[in-house]
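Understanding the architecture of this molecule
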Amino acid sequence: MKVRKCSTPEEIKKRKKAVIFCLSADKKCIIVEEGKEILVGDIGVTITDPFKHFVGMLPEKDCRYALYDASFETKESRKEELMFFLWAPELAPLKSKMIYASSKDAIKKKFQGIKHECQANGPEDLNRACIAEKLGGSLIVAFEGCPV
């Protein structure tokens, strides 16, 4: 998967806002989890809050990798930067946590343009304030259109 900016309105609608990855059934490959992506064209149509929807797509009892195209505002400008997440909730099996942690670097190398990395162990690690801190701390005034 190559990360790139789109130009035409149709390309922009098909651009992915978020994608969640999981291990294959045999635990040997990292694959896109079926039905676990948010397209830019869905925002405002079927999805009102893309970050809240993204967090809701993560399983309570298993690990995942995710890419999220974060939109945020600093005091000077608006930015979009790619974030990589390792989701390893407390209720996930220990073996799953170990496999995901050990293969994290392999998946990160496949994607160009990742600016920020975040490991989350529960929903409390994925609130807007925590994410804003990772993106730039006190410089961030809004994340996904909502004040921080």
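Everything discussed here concerns the structure shown above.
As the structure is a computational prediction, the values presented were derived from the model and not from experiment.

**Side note on the overall build of the chain**
What the chain contains, in helices and strands, is four helices and seven strands. Secondary structure elements of the chain, listed N to C terminal, follow the sequence α-β-β-α-β-β-α-β-α-β-β. For 148 residues, the compact-globule estimate of 2.2 N^0.38 gives 15 Å, and the C-alpha radius of gyration of the chain, at 15 Å, lies within 12% of that figure. With the C-alpha coordinates of the chain rotated into their principal frame, the extents come out at 45 × 35 × 30 Å.

**Topic: the side chain of His 116**
Looking at the secondary structure, you find His 116 in strand S5 (residues 114-120). Here Lys 134 takes part through its backbone oxygen, which lies 3.4 Å from a polar atom of the side chain of His 116.

**Looking at the nonpolar core**
Among the nonpolar cores identified, the biggest contains 23 residues, and Phe 54, Phe 85 and Ile 131 are the most heavily contacted of them. Secondary structure elements with two or more residues in this core: strand S1 (16-23), helix H2 (50-57), strand S3 (64-74), strand S4 (78-87), S5, helix H4 (128-135) and strand S6 (140-143). Considering each element in turn, this core owes the most residues, four residues, to S3. In this structure, Ile 131 is in contact with Phe 51, Met 83, Phe 85, Cys 118, Asp 125, Leu 126 and Phe 143, ignoring residues within four places of it in sequence. One finds Val 19, Cys 22, Leu 67 and Tyr 100 within the second-largest nonpolar core, a separate group that totals 15 residues.

**Structural notes on the pattern of salt bridges**
Side-chain pairs of opposite charge can arise where the charged atoms are in close proximity. Scanning the entire structure with this criterion turns up nine salt bridges. Between Arg 15 and Asp 69 there is a salt bridge whose closest N-O contact spans 2.6 Å. Taken as a pair, Arg 15 in the loop between helix H1 (9-14) and S1 and Asp 69 in strand S3 lie far apart in primary sequence, 54 residues in all. Residue classification places Arg 15 among the buried residues on the basis of a relative accessible area of 15%. Given the relative accessible area of 8%, Asp 69 is considered buried. Three or more residues are tied together by salt bridges with common partners; here these are Arg 15, Asp 69 and Glu 80.

**Regarding the pairing of S4**
Burial analysis of S4 places seven of its 10 residues in the buried class, the great majority of the element. Where S3 lies against S4, 10 bridges are found, and the strand directions are antiparallel. When the bridges of S4 are listed, Tyr 65 appears paired with Leu 86. Linking S3 back to S4 in an antiparallel pair, the connection comprises three residues. Sheet analysis places S4 next to S5, joined by six bridges and oriented parallel. Bridge assignment links Met 83 to a residue of S5, and that residue is His 116. One crossover worth recording links S4 to the parallel S5 by way of helix H3 (residues 94-109), and it is right-handed.

**Here's the deal with the packing of aromatic side chains**
Evaluation of the coordinates by the stated rule reveals nine aromatic pairs. Summarising the aromatic geometry, the rings of Phe 51 and Phe 143 are spaced 5.0 Å apart at their centres and angled 85° between planes, so their arrangement reads as edge-to-face. In this pair, Phe 51 is assigned in helix H2 and Phe 143 in strand S6, connecting sequence segments 92 residues apart. Each of the two residues, Phe 51 as well as Phe 143, counts as buried. Seen from their ring centres, Tyr 68 and Phe 143 are 6.5 Å apart, and the 40° between their planes marks the pair as tilted. Placement of Tyr 68 in strand S3 and of Phe 143 in strand S6 is noted, with a sequence separation of 75 residues between them. For Tyr 68, a relative accessible area of 0% gives the class buried. We classify Phe 143 as buried; its relative accessible area is 0%. Taken together, the aromatic side chains of Phe 51, Phe 54, Tyr 68, Phe 85 and Phe 143 make up a single cluster linked through ring pairs.

What counts and how
Residues numbered from 1 in each chain as written. Predicted model: local features only at pLDDT ≥ 70, side-chain atom pairs only at ≥ 80, totals over all residues. Heavy atoms only, no water. Helix = DSSP H or I, 4+ residues; strand = E, 2+ residues; numbered from the N terminus. Rg over C-alpha atoms; globule rule 2.2 N^0.38 Å. Polar contact = N/O pair within 3.5 Å; in protein donor to acceptor, adjacent residues only side chain to side chain. Core = buried A, V, L, I, M, F, W, Y, C linked by side-chain atoms within 4.5 Å. Buried < 20%, exposed > 50% of the residue type's maximum accessible area, 1.4 Å probe, protein only. Contact = heavy atoms within 4.5 Å. Salt bridge = Lys/Arg side-chain N within 4 Å of Asp/Glu carboxyl O. Pairing = 2+ DSSP bridges. Right-handed = clockwise from strand over helix to strand, strands pointing away. Phe/Tyr/Trp six-rings, centres within 6.5 Å; stacked < 30°, edge-to-face > 60°.

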